[in-house]
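Structural characterization, general
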Amino acid sequence: MYWMRGVRCRLRGWRAAQEQWKTDMRAFRAAEKEARRTGAEVPEQPGPPPTAFSLLPWLLMGLGAFSNLFQGRTADPWVGGLGLLTFNSLYIYVAARAFVKEKRQAPSTRVALVAMAAVTCGLGGGYGGSWLLFFPLLGLATGAALRGEQLRWAGVAVAVLAGAVSAARDGWSGLNIAYATWISTMVTAAILGLSEAVRELRAAREQLAHQAVEKERLRFSRDLHDLLGHTMSVIVVKSEAARRLAPRDMDAALAQITDIESVGRQALTEIREAVTGYREGSLGTELDRARSVLDAAGVEPVVGRSGAPLAPQTEALLGWVVREAVTNVVRHSGASRCEITVDGNAERVRLTVADNGAATGPADGPRPEGVGGTGLRGLTERLAAAGGSLRAGPAPRGGFTVTAELPTEALELLASAAPTAPRAS
């Protein structure tokens, strides 16, 4: 009864595949109609699902043998009938397993092919005539079940076996059976192999498209998260400064509130640009913003920049480093002084952000070590993709230091680094 359950499960699988194909075809027709109406590209038509039903009609080649058996023109009809039933059962078994790679390569499938060859030789050698047409069917099953080097040798062996038995039974005219067997083996293998390759390519294309969408979604989410995280940190710091200044110096508090408004407007602009995919950071802007944020947080900023002008892509990446490092200084360090240095030569540019804070901050707990923080890890991947490097960790004389190095002139840095855009830690 176990094999009956297997047959029922396989039939249900075939019906489900057919229903899915019908659904895909309806969707394809609707998309095709819409594409013709709008002038867009016509989608690719989904092919029918690969099932054993495509190989079963070839069993009609055995109708001649069945006719001889039914009309009583075959000696030992019970032997012939049992052989015909055995061959058809083995053929259906192999055909059902030929479209699943794991089952196709299983030893049981090879055993079934060998049994088919033995039955075919017995029927063809014993009866001849239309019974020899089982050899092309054997070749068809061989081509469906085997691939690669195994197919080459098995195809030759089956063709030679068919030629030997046919020649022994019907003379040299039986060599036509050998040719038909070899052709059916190779053509079946070529068609099914090509169909399988097309399905794999289509699946790979869909997977690549899905990965591209996921990668872009990840890039955008990280980018937006970094923008909002930094901006919210600036607004919180300046709001705290305004609250402290309001009781004793209203003008200074109003200046901080004005800065908050400016930061909010700038954040809105950056978010809009990020949504449209055209945002490109500026190192000078980030340095000015870092100076303002550090000053509002009560951290003395020391900013120095030297060297030749940098490519826009290099400036954009270094701007990310400044943004992330300064955010960590404000959140985690408890420092009173932060030095930001940009020093470049003809080949490389180095950015250093160093503070004199402790290993832990007053509110946020342990600071990120090495490049383990989420933002620093993203920056490390981003700079590595652009041919640069990032080092972060405690300084020998105390405090925390972030050092980034990049080529002075790098091509398409942002494009190659976009999937690993950083987050604010």
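Quick look at the structure, then.

Some details on the overall build of the chain
What the chain contains, in helices and strands, is 13 helices and 7 strands. Counting the 425 residues in the chain, one finds 40% classified as buried. Put simply, 69% of the contacts in the chain that link residues at least 6 apart link residues at least 24 apart. For the chain, the exposed area adds up to about 23,100 Å²; of that, 61% sits on carbon and sulfur atoms.

Points about the packing of helix α3 (residues 77–97) against helix α5 (residues 107–127)
Contact geometry for α3 and α5: axes closest at 9 Å, N-to-C directions at 150°. Taken together, the axis directions place α3 and α5 in an arrangement best described as roughly antiparallel. Once α3 is placed against α5, the crossing between them reads as left-handed. Seen from α3, the contacting residues are Val 79, Gly 80, Gly 83, Leu 84, Thr 86, Phe 87, Leu 90, Tyr 91, Tyr 93, Val 94 and Arg 97; seen from α5, they are Ser 108, Thr 109, Ala 112, Leu 113, Ala 115, Met 116, Val 119, Thr 120, Leu 123 and Tyr 127. Its residues placed into classes, the contact of α3 with α5 shows 14 nonpolar, 6 polar and 1 charged.

Some details on the nonpolar core
If you look at the biggest cluster of nonpolar residues, it comprises 37 residues, and the most contacted ones within it are Tyr 91, Met 116 and Phe 134. Breaking this core down by element, the ones donating at least two residues are α2 (63–70), α3, α5, α6 (134–145), α7 (148–170) and α8 (175–245). Element by element, the count of residues in this core is highest for α6, at 8 residues. Sequence-distant contacts of Tyr 91, that is, excluding residues within four places in its chain, are made with Leu 55, Leu 56, Trp 58, Leu 59, Met 116, Leu 137, Leu 140 and Ala 141.

Thoughts on a nonpolar patch on the surface
Residues Leu 60, Leu 63, Phe 66 and Phe 70 make up a contiguous nonpolar surface patch of about 480 Å² in total accessible area. By the secondary structure assignment, Leu 60 is in the loop between α1 (2–38) and α2.

Quick word on α3
Look at α3: 30 Å from first C-alpha to last across 21 residues, which is about the 30 Å you get at 1.5 Å a residue. Among all positions in α3, only Gly 80, Gly 83, Leu 84, Phe 87, Leu 90, Tyr 91, Val 94, Ala 95, Ala 96 and Arg 97 are buried.

Quick word on the sheet that holds strand β6 (residues 389–394)
One open sheet holds the 5 strands; their spatial order is β1-β2-β3-β7-β6, and the pairing between them is mixed. With partners counted over all chains shown, the strands left at the sheet margins are β1 (300–306) and β6, one partner each. When strand polarity is set aside, the average angle formed by the axes of neighbouring strands in this sheet is 10°. Both strand β2 (residues 337–344) and strand β3 (residues 348–355) contribute to a ladder of 7 bridges, which runs antiparallel. Counted as the bridge partner of Asp 343 is Arg 350 from β3.

Digging into the packing of aromatic side chains
Evaluation of the coordinates by the stated rule reveals 4 aromatic pairs. Ring geometry for Phe 87 against Phe 134: centres 4.7 Å apart, planes inclined by 55°, an arrangement best described as tilted. Of this pair, Phe 87 sits in helix α3 while Phe 134 sits in helix α6; the two residues are 47 residues apart in sequence, bridging distant segments of the chain. When the ring of Trp 131 is compared with that of Phe 134, the centres are 5.8 Å apart and the planes differ by 55°; the resulting orientation is tilted. Considered together, Trp 131 and Phe 134 belong to a single accessibility category, that of buried residues. Through pairs of rings, three or more aromatic residues link up here, namely Phe 87, Tyr 91, Tyr 127, Trp 131 and Phe 134. The residue whose ring lies beneath Arg 323 is Trp 320, and the NZ or CZ to ring-centre distance is 5.7 Å.

How each quantity is defined
- Residues numbered from 1 in each chain as written.
- Predicted model: local features only at pLDDT ≥ 70, side-chain atom pairs only at ≥ 80, totals over all residues.
- Heavy atoms only, no water.
- Helix = DSSP H or I, 4+ residues; strand = E, 2+ residues; numbered from the N terminus.
- Buried < 20%, exposed > 50% of the residue type's maximum accessible area, 1.4 Å probe, protein only.
- Contact = heavy atoms within 4.5 Å.
- Areas by Shrake-Rupley, 256 points an atom, 1.4 Å probe, with all protein chains shown as cover.
- Axes fitted to C-alpha atoms, helices over the stretch in contact; angles between N-to-C directions.
- Parallel < 35°, antiparallel > 145°, perpendicular 65-115°, else oblique.
- Left-handed = near helix turned anticlockwise from the far one by under 90°.
- Nonpolar A, V, L, I, M, F, W, Y, C, P; charged D, E, K, R; others polar.
- Core = buried A, V, L, I, M, F, W, Y, C linked by side-chain atoms within 4.5 Å.
- Patch = residues over 30% accessible without salt bridge, like charges linked within 9 Å, V, L, I, M, F, W, Y side chains within 5 Å.
- Salt bridge = Lys/Arg side-chain N within 4 Å of Asp/Glu carboxyl O.
- Expected span 1.5 Å × (residues − 1).
- Pairing = 2+ DSSP bridges.
- Phe/Tyr/Trp six-rings, centres within 6.5 Å; stacked < 30°, edge-to-face > 60°.
- Lys NZ or Arg CZ within 6 Å of the ring centre and 35° of its normal.

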